[in-house]
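Results of the structural survey
Here is what each chain is made of, one letter per residue.
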Amino acid sequence: QVLVVGCGNSELSEQLYDVGMCEDIVNIDISDAVIRQMQERSGSKRPKMSYLLMDMLQMDFPDAHFQVVLDKGTLDAVLTDEEEATLAKVDKMFAEISRVLQVGGRYLCVSLAQAHVLKKAVEYFSQEGWVVRVHQVAGSGDKQQFVLPVFVYVMTKFRKIPGSAPQILEICPEEQDKPTRVESAERLVAAVKDRQHYALLCSQLSKTPCGEQVSLDLCDKESGRPRYTLHVVDSPSVKPSRDNRFAIFIIPQGRETEWLFGTEEGRRQLAASAGFGRLVTVALHREQHYEGMAGIQAELSGKVMELAPPGLPARQQVPFLSVGGDIGVRTVQHCDTSPLSGEYVVEDVKGDGTSYFRRLIFLSNRNVVQSEARLTAPVPLSGQKKRRKDKKKPSPAEPPTAVDKSYLCCEHHRAMVAGLCLLGGPNPLPGIPLAVLVVGLGGGSLPLFIHDYFWQARVAVVEIDPSMLEVATRWFGFSQGDRMRVHVSDGLDYVAKLAAEAPAQYDAIMFDVDSKDLTVGMSCPPPAFVEKPFLQKVKTVLKPEGVFVLNLVCRDVQLKESVLAALREVFPLLYARRIEGEVNEILFCQPSLQGRRDPSELGARARALEGDLRQPGRPWDSSYALADMLQAVKIL
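Because the structure is predicted, anything quoted here is derived from the model rather than measured. (Residues numbered from 1 in each chain as written. Predicted model: local features only at pLDDT ≥ 70, side-chain atom pairs only at ≥ 80, totals over all residues. Heavy atoms only, no water.)

Observations regarding the overall build of the protein chain
From N to C terminus, the protein chain includes 17 helices and 28 strands. Taken across its 636 residues, the protein chain has 48% of its residues classed as buried. Considering only residue pairs separated by 6 or more positions, the protein chain has 69% of its internal contacts joining residues 24 or more positions apart. Here the protein chain has roughly 31,300 Å² of accessible surface; of this, 51% comes from carbon and sulfur atoms. (Helix = DSSP H or I, 4+ residues; strand = E, 2+ residues; numbered from the N terminus. Buried < 20%, exposed > 50% of the residue type's maximum accessible area, 1.4 Å probe, protein only. Contact = heavy atoms within 4.5 Å. Areas by Shrake-Rupley, 256 points an atom, 1.4 Å probe, with all protein chains shown as cover.)

In C-alpha cells form, the structure reads like this:
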C-alpha cells in the first residue's frame, strides 16, 4: 500500500501501476482541479489506484495504514526557506507521514537536496530513531533537464528507543552498490554537497573551455581519504582535431611536487607540449595502493570522461599518458607525528631516469618537499669478502639505499653555499677556519655539505624540533662531531642569547627554517625571524665582514616588501637571487657597504670557490654551477 503525497499531475504513479510494480496506490493533493484531471485520466484504466482531495498536513487515514509514503518534489516545494512558519509546516508534514506509516515502512522522498532541505529531513527522522539513507539516482551525465543530480531520501521507520540510540546515516552514490555509513548529519549534508559541486563542475566543463585550471580530489570509497588529485588544463593554443582533444596524464608517484606537475604554469606547459586541447593530470596519493597503469586506467576511465571537453565525439578513445609508461616508484620508509611539525613521512621516490631520492614531507603541506637527498648504492666495507658464487646476486633493479652526502638536491641550497664566496680575501675559502650558524636542520644536507667541503669550518645548527634531529640522523646520514653540533632550541631564543653573551662570532649565518602557520603568505621563514629587532640581533652575532643568508619564500607581495624594507634598514648591502621556477628567493645580507661587489665579480669568486671545492677524492656534481648562481644576483 503506497501513499503519494502532493501527487500533482505527475505520471509517476501511472508508470508504477502500468509496469506492475504496485497497484494499490493512493494519491492525494490539495488542488481540486488536479485531482479531477487525474481521476479522469486514470479512472477506467487503473481501477485499483485512487486520487483523493486531501491536505497532507491533516490526513484522514488511520495510523499505520501504509507501507510506503512517496514524495516526488513535494518537500522541496514546501521547504522553500527556513522561516519559523515554514519549518513548523514541515514538522507537521513529517509528523503526519510518520503517523500513517507502519513500523518498518519507508518514506521515499525524491529531491534535489538543497542543503537546508536535506539537513531538516535528516535531523528530524534520525532523531526519531529512523534509519536514514540518501541515494544519488541520477547524475549530471544523464540526458536530463537538470544540471544538478537527483537524490532519493530513504527513511525507514523504527520504533523510537528511549535514551540515546545511535543514529544510522548512510549515503549511496550512483556508482556504488553498497551504502557508506557516515558519522553525522553534517557529514551527510557535506557529502551530498560534494556531489552537487562535482555535477556543476562537469556541466560547466562540458559546455565551455575552462579559463582557470580546475582541481578536484577523487576519494577512496572505503576510507574517504583522497586517492587521486585531478587538474583540468585547457590549452587554447592547440588547434583541435579528432585525435588531440582530450588526454589523461598520470604523474609518476613521488614526482607530483616537481615544477612541471606541481605548479599551474608547469601544468600549462605540460599540456601545450603534449599537444592536447584538454589535459587532465592525475596525481597519486602516498596512502593509497595502485595496481599499475592498467588498474588506474580501468578505475578512472569512467570518471574522467565526465570531465571531457565540449564537442568530444561519442565513444572517442582517450589516451592515458605518463613519463616512461609507468606509475613511478614511491616507498614510504618512515611516518610519524611530531608535536611541533605534525604528521610527516620519509619516502624514497624514483626521479627522472634512474635516479632515486629520499624526501621528508610534512603532511600539513604535502606538496612541498622539506628536505631531499639523492640515494646511491651502498659502498662495501673495506675488507668485506665478496659474495660466494652460490650466494644470490642483488637484483640490478633494486633501488639504492645509501644517502649521497655530496649532492645538494635543492637549488636554493646551492645558492646559499655560493653565497659563502662573499666572505674572505684571496685565500681559498675551504681552508679558512669559518664559523657558520645554520638555523633549521631539516634532513641536514646543507650543514653536512658545508662541514664536508669547507674542511676548516665549524658548523652550529639550531633546530627547534628534536624529532627532526632524529629523522636527519636515522634517514639522511646526518651526524655530529667536533666541527658539527646541533642545539635543540628555538632559533629566536638561541640568537637572542648569543647577541647578549657572545656577539660578533659567526662568519656566516643561514636561515632555512619553515613556518608552521599556513595562514600567512610567507612559508619561510616565520615572520618573527625577519622583524627588525630580531634582525638587529642577527647583525650583532655576525662578524663585521660576515654574511647573513636568508631563504625567503613569500607569496604576499606587500609582506615581502615589508621584509625587504626591514632587511635594508639593518643591512646596508643586500643581494637577491631568484630561484627559477620556484617562489624561493635567496637574500645575501652584509653589515657593511665596504664589501660591495658587482654580479660579474661575484660570479668570478663563485667560480673560484667551485674550483677550490673540487678536491681530489671528493665527489662533485657538475650541475652545481655556483658561478651561475651569483652571476644572476641583483643588488637591492
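Topic: helix α11 (residues 445–453)
Since the α-helix advances by 3.6 residues per turn, residues separated by three or four positions end up pointing in the same direction. Within α11, eight of the nine residues are buried, which leaves it mostly tucked inside the rest of the structure. Taken as a whole, α11 has its buried residues at Ser 445, Leu 446, Pro 447, Leu 448, Phe 449, Ile 450, His 451 and Tyr 453.

Some details on unusual backbone geometry
The omega angle of the peptide bond from Cys 524 to Pro 525 is -5°, so this bond is cis rather than trans. Structurally, the position occupied by Pro 525 is in the loop between β24 (522–524) and α14 (532–541). Of note, Ala 64 is a non-glycine position whose phi angle comes to about 50°, a positive value. Along the polypeptide, Ala 64 turns up in the loop between β3 (50–53) and β4 (66–72). Exposure remark for Ala 64: the relative accessible area of 40% places this residue in the partly exposed category. In this structure, Ala 113 takes a positive phi of about 60° despite not being glycine. Among the structural elements, Ala 113 can be located in the loop between β5 (101–111) and α5 (115–127).

Description of the environment of Val 547
By the secondary structure assignment, Val 547 is in strand β25 (residues 542–554). Using a relative accessible area of 0% as the deciding quantity, one classes Val 547 as buried. Note: C-alpha distance between Val 547 and Pro 591 (44 residues apart in sequence) is 7.6 Å. In this view, Val 547 contacts Gly 419, Leu 422, Leu 423, Asp 507, Ala 508, Ile 509, Leu 542, Phe 588, Cys 589 and Gln 590; residues no more than four positions away in its chain are not counted.

Observations concerning the packing of aromatic side chains
Within this structure, the stated rule accounts for 15 aromatic pairs. Between Phe 449 and Tyr 453, the aromatic rings sit 4.4 Å apart at their centres with planes inclined by 15°, giving stacked as the arrangement. Here the residue Phe 449 and the residue Tyr 453 both occupy positions in helix α11, the gap between them amounting to four residues, near one helical turn. By relative accessible area, Tyr 453 is classed as buried at 3%. Both rings, one in Phe 511 and one in Phe 529, keep their centres 5.5 Å apart while their planes meet at 90°; by these two values the pair is edge-to-face. Here Phe 511 is found in strand β23 (residues 506–511), whereas its partner Phe 529 is found in the loop between β24 and α14, with 18 residues between them in sequence. Judged by its relative accessible area of 0%, Phe 511 is buried. Phe 529 gets classed as buried once you look at its relative accessible area, which sits at 5%. Clustering of aromatic rings is evident, with ring pairs tying together Phe 94, Tyr 107, Tyr 124, Phe 125 and Trp 130. Above the ring of Tyr 407, the side-chain terminus of Arg 374 is found at 3.8 Å from the ring centroid. (Phe/Tyr/Trp six-rings, centres within 6.5 Å; stacked < 30°, edge-to-face > 60°. Lys NZ or Arg CZ within 6 Å of the ring centre and 35° of its normal.)

A short note on the environment of Thr 354
For Thr 354, the location among the structural elements is in the loop between β16 (342–350) and β17 (356–362). As for Thr 354 and Pro 399, which are separated by 45 residues in sequence, their C-alpha atoms are 9.1 Å apart.

Looking at the nonpolar core
Ranked by size, the top nonpolar core spans 43 residues in total, and within it Leu 3, Ile 28, Phe 61, Leu 75, Phe 94, Tyr 107 and Tyr 153 carry the most contacts. For this core, the element with the highest residue contribution is α5, accounting for six residues. Look past the residues within four positions of Phe 94 in its chain and what remains in contact with it is Leu 75, Tyr 107, Lys 120, Ala 121, Tyr 124 and Phe 125. Among the nonpolar cores identified, the runner-up in size contains 38 residues, and Leu 446, Ile 450, Ala 472 and Ile 579 belong to it. (Core = buried A, V, L, I, M, F, W, Y, C linked by side-chain atoms within 4.5 Å.)

A word on the confidence of the model for the protein chain
Looking at the protein chain as a whole, its pLDDT mean stands at 86, while 89% of the residues score no less than 70. The model gives residues 381–394 a pLDDT under 50, and that stretch makes two contacts with residues more than four places away or in other chains. (pLDDT = per-residue confidence, 0-100.)

A closer look at the side chain of Lys 157
Among the structural elements, Lys 157 can be located in the loop between β7 (150–156) and β8 (168–172). No salt bridge is formed by the buried Lys 157, whose closest oppositely charged neighbour, Asp 63, lies at an N-O distance of 8.1 Å. One polar contact links the side chain of Lys 157 to the main-chain carbonyl oxygen of Ser 98, over a distance of 2.6 Å. Excluding residues within four positions of it along the chain, Lys 157 makes contact with Ser 98, Leu 101, Gln 102, Val 103, Gly 104, Gly 105 and Trp 130. (Lys, Arg positive; Asp, Glu negative; His and termini not counted. Salt bridge = Lys/Arg side-chain N within 4 Å of Asp/Glu carboxyl O. Polar contact = N/O pair within 3.5 Å; in protein donor to acceptor, adjacent residues only side chain to side chain.)

Topic: the sheet that holds strand β19 (residues 402–403)
Read from one edge to the other, the open sheet built from five strands follows the order β15-β16-β17-β18-β19, with strand pairing classed as antiparallel. Two strands lie at the open edges of the sheet, namely β15 (330–338) and β19, each paired on one side alone. Pairing of strand β18 (residues 369–376) with β19, which is carried by two bridges, proceeds in the antiparallel orientation. Note that in β19 the partner of Leu 375 across the bridge is Val 403. (Pairing = 2+ DSSP bridges.)

So, the sheet that holds β8
What the nine strands build is an open sheet, ordered β3-β2-β1-β4-β5-β7-β6-β8-β9; its pairing is mixed. Strands with a single pairing partner mark the edges of an open sheet, and in this sheet they are β3 and β9 (180–182). Direction aside, the axes of adjacent strands within the sheet are offset by 20° on average. Examined bridge by bridge, strand β1 (residues 2–5) and strand β2 (residues 25–29) share four bridges and lie parallel to one another. Bridge assignment links Val 2 to a residue of β2, and that residue is Ile 25. Across the sheet, α5 touches β5, β6 (131–138), β7 and β8, and the angle it forms with β7 is around 10°. (Axes fitted to C-alpha atoms, helices over the stretch in contact; angles between N-to-C directions.)

Comments concerning the pattern of salt bridges
Inspection of the entire model under this criterion finds 31 salt bridges. The salt bridge involving Glu 170 is made with Arg 181; its shortest N-O contact spans 3.4 Å. Linking Glu 170 in strand β8 with Arg 181 in strand β9, this pair joins segments that are 11 residues apart in sequence. By relative accessible area, Arg 181 is classed as exposed at 53%. Residues Glu 256 and Arg 286 are paired through a salt bridge, measuring 4.0 Å at the closest nitrogen-oxygen approach. Residue Glu 256 is found in the loop between β12 (246–250) and α7 (259–262), and its partner Arg 286 is found in the loop between β13 (278–284) and α9 (292–304); the two are separated by 30 residues along the sequence. Each member of the pair Glu 256 and Arg 286 is classed as buried. A single salt-bridge network, built from bridges that share partners, covers Glu 14, Asp 18, Arg 41 and Arg 46.

Overview of the packing of helix α13 (residues 491–501) against α14
Running from N to C, α13 and α14 cross one another at 50°; their axes reach a closest spacing of 8 Å. If you check the angle between α13 and α14, you find them oblique. Considering the relative orientation of α13 and α14, their crossing is left-handed. Within the contact between the two elements, α13 uses Gly 491, Leu 492, Val 495, Ala 496, Leu 498 and Ala 499 and α14 uses Phe 534, Lys 537, Val 538, Thr 540 and Val 541. Class assignment for the residues of the contact of α13 with α14 results in eight nonpolar, two polar and one charged. (Parallel < 35°, antiparallel > 145°, perpendicular 65-115°, else oblique. Left-handed = near helix turned anticlockwise from the far one by under 90°. Nonpolar A, V, L, I, M, F, W, Y, C, P; charged D, E, K, R; others polar.)

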